[in-house]
Amino acid sequence: MQIRNIAIIAHVDHGKTTLVDKILHATHVFRDNQETGELIMDNNDLEKERGITIFSKNAAVEYKDTKINVIDTPGHSDFGGEVERVLKMADGVLLLVDAFEGPMPQTRFVLQKALHLNLKPIVVINKVDKPNCRPDEVHEAVFELFFNLDATEEQLDFPTFYGSGKNGWFNSKNEQCDDITPLLDGILQYVPAPKVAEGPLQMQITSLDYSSFLGRIAVGKVARGSIKEGQPIALMQAEGVIKRSKVKELYTFMGMGKKKATEVMAGDICAVVGLEDFNIGDTIADAENPEALPVISVDEPTMSMLFGINNSPFFGKDGKFVTSRHLRDRLIKETEKNLALKVEDTDSADSFLVYGRGILHLGILIETMRREGFELTVGQPTVLVKEINGKKHEPYEILVVDVPGEFSGKVIDMVTQRKGEMLVMESKGEMQHLEFEIPSRGLIGLRSNMLTNTAGEAVMAHRFLEYKPWKGPIPGRNNGVLLSKNQDKTTAYSIDKLQDRGTFFVDPGEEVYVGQIIAEHIKPGDLIVNATEGKKLTNMRASGSDDSVRIIPKKQMTLEECMEYIQQDECIEVTPKKIRLRKTILDEDERKRFQKMLKTEEVG
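Residues numbered from 1 in each chain as written. Predicted model: local features only at pLDDT ≥ 70, side-chain atom pairs only at ≥ 80, totals over all residues. Heavy atoms only, no water.

A. Molecular detail of the pattern of salt bridges. Overall, the coordinates contain 25 salt bridges when judged by the stated rule. As a salt-bridge pair, K468 and E437 come within 2.7 Å of each other at their nearest N and O atoms. Pair noted here: K468 is in strand β27 (residues 459-469) and E437 is in strand β26 (residues 431-439), with a separation of 31 residues, a long-range link. By relative accessible area, K468 is classed as partly exposed at 22%. Each member of the salt-bridge network shares a partner with another, and the members are D526, D569, E570 and K583. (Salt bridge = Lys/Arg side-chain N within 4 Å of Asp/Glu carboxyl O. Helix = DSSP H or I, 4+ residues; strand = E, 2+ residues; numbered from the N terminus. Buried < 20%, exposed > 50% of the residue type's maximum accessible area, 1.4 Å probe, protein only.)

If you want it as structure tokens, here you go:
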């Protein structure tokens, strides 16, 4: 049977997972009357809630006696580590582009990786049924992008398909047809069959699967030779370590699941059961004459956060896993499959430094952990600084903002305050398209401010550019916070009196503790307030005080918004049921002593 391996890449929200749905339906993977729902591949709870793909996944379909292995990849640059390694399994890529937005920064990021690996590109312009879409201009923009990325002559001669994933049609010209068969025929025609080298077995492990029944499963593409059930193999790891092992079971992908196989030939993607202690990037090779494939390199992390145990007064109320040992084991386990993540021990036994690709990358890890029953505190995200030629360098990013014309002045003002420099400004219909170069530090906390100031209309995207010299101080949050003075339940009576002092993060009747951040102050500087005082009930009737209490509902913040909000001396307490903001040092006198000490150190 012939094989085609194809990865689908695109910017977030351009319709990758919907396209995979259509391919699965068109090739009758499901029974006609089977209920499948939407976005079949996003099977993780977090992916369903947020509507984004986080982990890359495989499916396989049969069409005209050819097996097509389809790999769905994430669109966020924070999960670039996932994309880089799965491209190793593909021989061609479907580049999906929105017919209105055109190629976006992350499209560029992933496409660059694909072109370096000499994969054959097919361009699919999606959503041509949208009003004010501009498929022809977008086609030109894609060509320009290929040209800027130094594509070869052969790669520049890419086939283009037009269509609408939602309505279920794709055609080689911009005319509606009945289904997506033209695209499937295009995959068979343009994507080359896997190159097969002669020689003994070689297969690189590019992703992991886990089953509670079989343990860890290695997934990858057989580069040469063939792999058989029960075959003795050599597992080749970094630094030339070779381990002897044996293949217990073999599976190939079929539809959404796997099916058992006795032998898998070169060019196909398979899952191997029975290996122990393997890592992503290791090579499974022939036992007699083992040869390793080059190791996969993944871009370095650019951000770090301090993860610590929960040491607040409410410690251990919600979570099952609360000790530093639990926390450490879980973080180390995460690094096995999350390639772009690094964990380091600190001077204190209770906290660990975790390095990641961005706020979303770390946020998803924290969110997954709290759902598993962990309690932890996380500090302010900080960027990684490097010494280059004796000078301090920091990571810079390219920031792209699409915003209605009337807000463009505000956006430019906000980005330049954070040391951003404008590179491009052009009109796309009623929208202004702005591009900036900005230090990664300037992006922390920018999204929520940007959305507030543009009435929620701004569309932001950013990708890592390079390390450049340090830009100097960047202004943080202007306003101080209100802190709780004592530990008790908040009362409507107290909150009502304090409402003109700031915006509250807690509702009446919530338990708070000393040093917890309960509201944002309207001025700079922090204030300690009593929000737990009850109304004194006497038989004297006070004039005018019996008005009903009117309380504005609390401000709800997501985990990522909290991470962008906190300052250096603050942290977030994350438990399975609650997310609370607090000062790192809860006691006021200790906090003042610590700040004095810092000031004397600075002077010294």
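B. Representation of the nonpolar core in the model. In this structure, I9, L87, L95, L111, V142 and F146 are the most contacted members of the largest nonpolar core, which totals 40 residues. Tallying contributions element by element places helix α4 (residues 105-116) first for this core, with 5 residues. If you look at the next biggest cluster of nonpolar residues, it comprises 32 residues, including I309, F352, L362 and I566. (Core = buried A, V, L, I, M, F, W, Y, C linked by side-chain atoms within 4.5 Å.)

C. Broad picture of the pairing of β26. With respect to burial, β26 is a largely interior element, 7 of its 9 residues being buried. Relative to β26, strand β24 (residues 391-404) runs antiparallel, the two sharing 9 bridges. The residue bridging Y396 from the neighbouring strand is P439, located in β26. As paired strands, strand β25 (residues 421-428) and β26 are joined by 7 bridges and run antiparallel to one another. When the sheet's bridge partners are listed, S427 is paired in β26 with Q432. Taking the residues that link successive antiparallel strands as the turn, the β25-β26 hairpin has 2 residues, and the phi of G429 there is positive, at about 65 degrees. (Pairing = 2+ DSSP bridges.)

D. How the structure looks around the sheet that holds strand β14 (residues 257-261). Spatial strand order, β12-β11-β17-β8-β9-β16-β13-β14: 8 strands in an open sheet with antiparallel pairing. Each edge of the open sheet carries a strand with a single partner, namely β12 (242-246) and β14. Averaged over all pairs of adjacent strands, the angle between their axes in this sheet comes to 40 degrees, without regard to strand direction. Inspection of the sheet shows strand β8 (residues 202-211) paired to strand β17 (residues 283-286) by 3 bridges, in the antiparallel sense. Across the sheet, the residue bridging to Q202 is A285, located in β17. (Axes fitted to C-alpha atoms, helices over the stretch in contact; angles between N-to-C directions.)

E. The arrangement of the packing of helix α10 (residues 408-417) against helix α12 (residues 446-453) in detail. α12 packs onto α10 with a crossing angle of 155 degrees between their chain directions and a minimal axis gap of 10 Å. Classified by the angle their axes make, α10 and α12 are roughly antiparallel. By crossing handedness, the relation of α10 to α12 is classed as right-handed. Taking contact as the criterion, the partners of K410, V411, M414 and V415 in α10 are, on α12, L446, N449, M450 and N453. The residue makeup of the contact of α10 with α12, split by class, is 5 nonpolar, 2 polar and 1 charged. (Parallel < 35°, antiparallel > 145°, perpendicular 65-115°, else oblique. Left-handed = near helix turned anticlockwise from the far one by under 90°. Contact = heavy atoms within 4.5 Å. Nonpolar A, V, L, I, M, F, W, Y, C, P; charged D, E, K, R; others polar.)

F. Looking closely at the sheet that holds strand β32 (residues 517-521). Taken together, the 4 strands give an open sheet; going across it, the order is β30-β32-β28-β33, and neighbouring strands pair in mixed fashion. Edge strands, defined here as strands with exactly one partner in the open sheet, are β30 (502-504) and β33 (527-529). Averaged over all pairs of adjacent strands, the angle between strand axes in this sheet comes to 30 degrees, irrespective of strand direction. The pairing of strand β28 (residues 481-484) with β33 spans 3 bridges and is parallel. Bridging across to β33, L483 finds its partner in I528.

G. Region of interest: unusual backbone geometry. One non-glycine residue with positive phi stands out, namely N118, at about 60 degrees. The backbone of K127 shows a phi angle near 65 degrees, a positive value even though the residue is not glycine. Mapping K127 onto the fold places it in the loop between β5 (120-126) and α5 (135-148). Residue classification places K127 among the partly exposed positions, given a relative accessible area of 22%.

H. The environment of G502, seen in detail. With respect to the element layout, G502 can be found in strand β30. Taking the C-alpha atoms as reference points, G502 and G163, separated by 339 residues in sequence, lie 50 Å from one another. The residues touching G502, leaving out its near neighbours within four places in the chain, are E520, H521 and I522.

I. Structural view of the packing of helix α8 (residues 324-337) against helix α9 (residues 359-371). It is at 12 Å that the axes of α8 and α9 come closest, and there the two elements cross at 130 degrees. Here α8 is positioned oblique relative to α9, judged by the angle of their axes. When you trace α8 past α9, the crossing you get is right-handed. Here L327, R330, L331 and E334 of α8 lie close against α9, whose contacting residues are L365, T368 and M369. Tallied by class, the residues present in the contact of α8 with α9 amount to 4 nonpolar, 1 polar and 2 charged.

J. A look at the pairing of strand β20 (residues 351-356). Within β20, 5 of the 6 residues are buried, which leaves the element mostly enclosed by the surrounding structure. Pairing analysis gives 6 bridges linking strand β18 (residues 303-309) to β20, with the strands arranged antiparallel. What sits directly across from L306, in β20, is L353. The pairing of strand β19 (residues 342-345) with β20 spans 4 bridges and is antiparallel. Bridge pairing in β20 links E344 to L353.

K. The arrangement of the packing of aromatic side chains in detail. Evaluation of the coordinates by the stated rule reveals 5 aromatic pairs. Seen in terms of ring centroids, F321 and F374 are 4.8 Å apart; in terms of plane orientation they differ by 35 degrees. Their pairing is tilted. Taken as a pair, F321 in the loop between β18 and α8 and F374 in the loop between α9 and β21 (376-378) lie far apart in primary sequence, 53 residues in all. The structure contains a cluster of three or more aromatic residues connected by ring pairs, namely F143, F146 and F158. Positioned above the aromatic ring of W470, the side-chain terminus of R441 is 3.8 Å from the ring centre. Lying over the aromatic face of Y396, K468 brings its terminal NZ or CZ to 5.7 Å of the ring centre. (Phe/Tyr/Trp six-rings, centres within 6.5 Å; stacked < 30°, edge-to-face > 60°. Lys NZ or Arg CZ within 6 Å of the ring centre and 35° of its normal.)

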